[in-house]
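Residues per chain, in single letters:
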Amino acid sequence: MGIIKAGMWDKMQYIFRNYYDRMMHTCLHYNGNLNKEALIEAYTIIVTKVPILRSKYVANPIKPYWKITPHVNADNFFSFVEVSDLEIASDTFLNTCFPAQSEYQIRVMLARCGDKDTLCTLVNHMCFDGSDLKYFNNKLAECYNNIVTKNIHTVDIKGGDRSDMQLYNSMPDEDKKSAKKLYRNASIVKEKVQFPYDGVSSKDRHMIVKRKISAEFFRKLKAVGKQNNATINDIVLAAYYRSFYSINKMNSDEALSIASMIDLRRHINTKATAGLTNMTGLFMCRLEHLGKDMSETITRVREALGNIKGDKFIGLYGPPLLRLAFNIFPNIIAENCIKIGYSNPLLGMSNIGIIDDKALIMGGVGLLDAFMTGATKYKPYIQLAFTTFRDEITFTVAVKANNNDRRTIERFLTGIETELQNFIG
């Protein structure tokens, strides 16, 4: 029986089941039809080469582990449907989830409407993060192209170390010693301000609320940001603050903290992990005062993040404490200790990054549109995620909520868009 030892991030993501559904979402709209049989074969090859995707999680109270499914059968994770509306089909599929105890940690749907296809993927966040999901998607396309154009039925995909300890391999000895002693709970914030959802009810359902920013708009935003020495992250975070203050009817002198996700691979020389894994941390931005307009809020964000961005240990303040808990205690006790001490940030933002359209061309069929988003949050949590595709930004909020909440989220996204428009004049 094949076994994979559960890593620290695997166990942490399992604990996070209390806060979100752990599903990562990819939606790729193609300008043509894909070869279904070649696609099934490509997924079979990839899932065979990545054992964590064909394993079920065993939440052993002492030492959790993954039990590998010995033989891959794509019928258990791949589906094909012919539909009249690709948007409805993709939304329906993406707003589902599956348990970690499933034999496969991936679900794929190929939806077809006439001469257009949409490829949707769900992957359990316990297996790897958004950075490696992009890598996985690119490798899937490469494998598909090998099959249909070269008759080569294989692909090279990384299969090495998944451990969090590889974070420290590239560091000088003194930095390594210091980084391993950063026993700080990075999740604690003073404010307990929540997004103005309705209360939890039986009407709540999984939804992904989207808002798109045009390429022309994005280019202007980038240019004006450069003139003001502000990154896209700075600008979007400032707009997030201003829209949130407005929708939550907050006074401008009330303090607020928002968590930003960060790819910890920046601490690895190769900027890549040896295997598919999670390597995401967070840092907090706390504003004491909102500022009178968008420009002032951006300045305050830049000032608040100044020391954080310059910190060579950015994002590394949480892992040593988690590692200590899992090393000292049996898993069931460690999990309870972490639940008591860990405060999941109520407000978060994640820039998943650029989706490379050229890397995702399949057999000459290119993309019309694409987006990715993270896990579906449970109330009272919210995360604004965004991806960039051909200079278009897709903002997403994935949450289990009701229709009234959807309208509130739409107003929140409209507020962000309005603030961005104000900034570029």
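In what follows, the structure referred to is the one given above.
Quick look at the structure, then. (Residues numbered from 1 in each chain as written. Predicted model: local features only at pLDDT ≥ 70, side-chain atom pairs only at ≥ 80, totals over all residues. Heavy atoms only, no water.)

Our focus in this paragraph is the overall build of the protein chain. Along its length, the protein chain carries 11 helices and 15 strands. Expected size for 425 residues packed as a compact globule is a radius of gyration near 22 Å; at 21 Å, the protein chain falls within 12% of this value. Principal-axis analysis of the C-alpha atoms places the extent of the protein chain at approximately 60 × 55 × 45 Å. Classification of the 425 residues of the protein chain by burial places 55% in the buried group. Here the contacts in the protein chain between residues at least 6 apart in sequence split such that 79% fall between residues at least 24 apart. Element-wise, carbon and sulfur atoms account for 50% of the exposed surface of the protein chain, whose accessible area totals about 18,300 Å². (Helix = DSSP H or I, 4+ residues; strand = E, 2+ residues; numbered from the N terminus. Rg over C-alpha atoms; globule rule 2.2 N^0.38 Å. Buried < 20%, exposed > 50% of the residue type's maximum accessible area, 1.4 Å probe, protein only. Contact = heavy atoms within 4.5 Å. Areas by Shrake-Rupley, 256 points an atom, 1.4 Å probe, with all protein chains shown as cover.)

What follows deals with the packing of helix α7 (residues 232–247) against helix α8 (residues 294–309). Where α7 meets α8, the closest approach of the two axes is 9 Å, and the angle between their N-to-C directions is 120 degrees. Considered as vectors, α7 and α8 are oriented oblique to each other. Every pair of crossing elements has a handedness; the one defined by α7 and α8 is right-handed. Residues D234, I235, L237, A238, A239, Y241 and R242 of α7 form the contact with α8, whose own contacting residues are M294, T297, I298, V301, R302, L305 and K309. (Axes fitted to C-alpha atoms, helices over the stretch in contact; angles between N-to-C directions. Parallel < 35°, antiparallel > 145°, perpendicular 65-115°, else oblique. Left-handed = near helix turned anticlockwise from the far one by under 90°.)

With mixed pairing, five strands are arranged side by side in an open sheet as β5-β6-β7-β2-β12. Lying at the two open borders of the sheet, with one neighbouring strand each, are β5 (78–82) and β12 (367–373). The average angle at which neighbouring strand axes cross in this sheet is 10 degrees, direction not considered. The pairing of β5 with strand β6 (residues 106–113) spans five bridges and is parallel. Among the inter-strand pairings, F80 is bridged to a residue of β6, identified as L110. (Pairing = 2+ DSSP bridges.)

With that settled, consider the state of the cysteines. Throughout the structure, instances matching the rule amount to zero disulfides. As a non-bridged cysteine, C97 has C127 as the owner of its nearest cysteine sulfur, 14 Å distant. Overall, C97 belongs to the partly exposed group, its relative accessible area being 43%. (Disulfide = S-S within 2.5 Å.)

The first and last C-alpha atoms of helix α4 (residues 130–150) sit 29 Å apart over 21 residues, in line with the 30 Å expected at 1.5 Å per residue. Among the residues making up α4, those that are buried are G130, D132, L133, F136, N137, K139, L140, A141, C143, Y144, N146 and I147. Two residues or fewer after α4 comes N151, characterised by a positive phi angle close to 55 degrees. (Expected span 1.5 Å × (residues − 1).)

Below, the discussion takes up the packing of helix α1 (residues 8–15) against helix α10 (residues 331–341). Contact geometry of α1 with α10 gives a least axis separation of 11 Å together with a crossing angle of 60 degrees. Comparing the axis directions of α1 and α10 gives the class oblique. Considering only the axes of α1 and α10, their crossing is right-handed. Touching K11, M12, Y14 and I15 of α1 are N331, E335, I338 and K339, all from α10. A class-by-class count of the residues in the contact of α1 with α10 yields four nonpolar, one polar and three charged. (Nonpolar A, V, L, I, M, F, W, Y, C, P; charged D, E, K, R; others polar.)

Bringing the pairing of β6 into the picture now. Counted residue by residue, β6 has six buried out of eight residues, so it is predominantly covered. Of the crossover connections in this fold, the one passing from β5 over helix α3 (residues 86–94) to the parallel β6 is right-handed. Strand direction decides the pairing type here: β6 and strand β7 (residues 116–124), joined by eight bridges, are antiparallel. Note that in β7 the partner of M109 across the bridge is C120. The antiparallel hairpin formed by β6 and β7 contains two residues in its connecting segment, where G114 sits at a positive phi of about 60 degrees. (Right-handed = clockwise from strand over helix to strand, strands pointing away.)

Ranked by size, the top nonpolar core spans 80 residues in total, and within it Y240, Y241, L384, F395, F412, L413 and L420 carry the most contacts. Broken down by element, the residue count for this core peaks at 11 residues, all from α7. Setting aside residues up to four positions removed in sequence, L420 forms contacts with F217, L221, I235, A239, M294 and F395. Grouped together as the second largest cluster of nonpolar side chains are 53 residues, L34, A42, V47 and I157 included. (Core = buried A, V, L, I, M, F, W, Y, C linked by side-chain atoms within 4.5 Å.)

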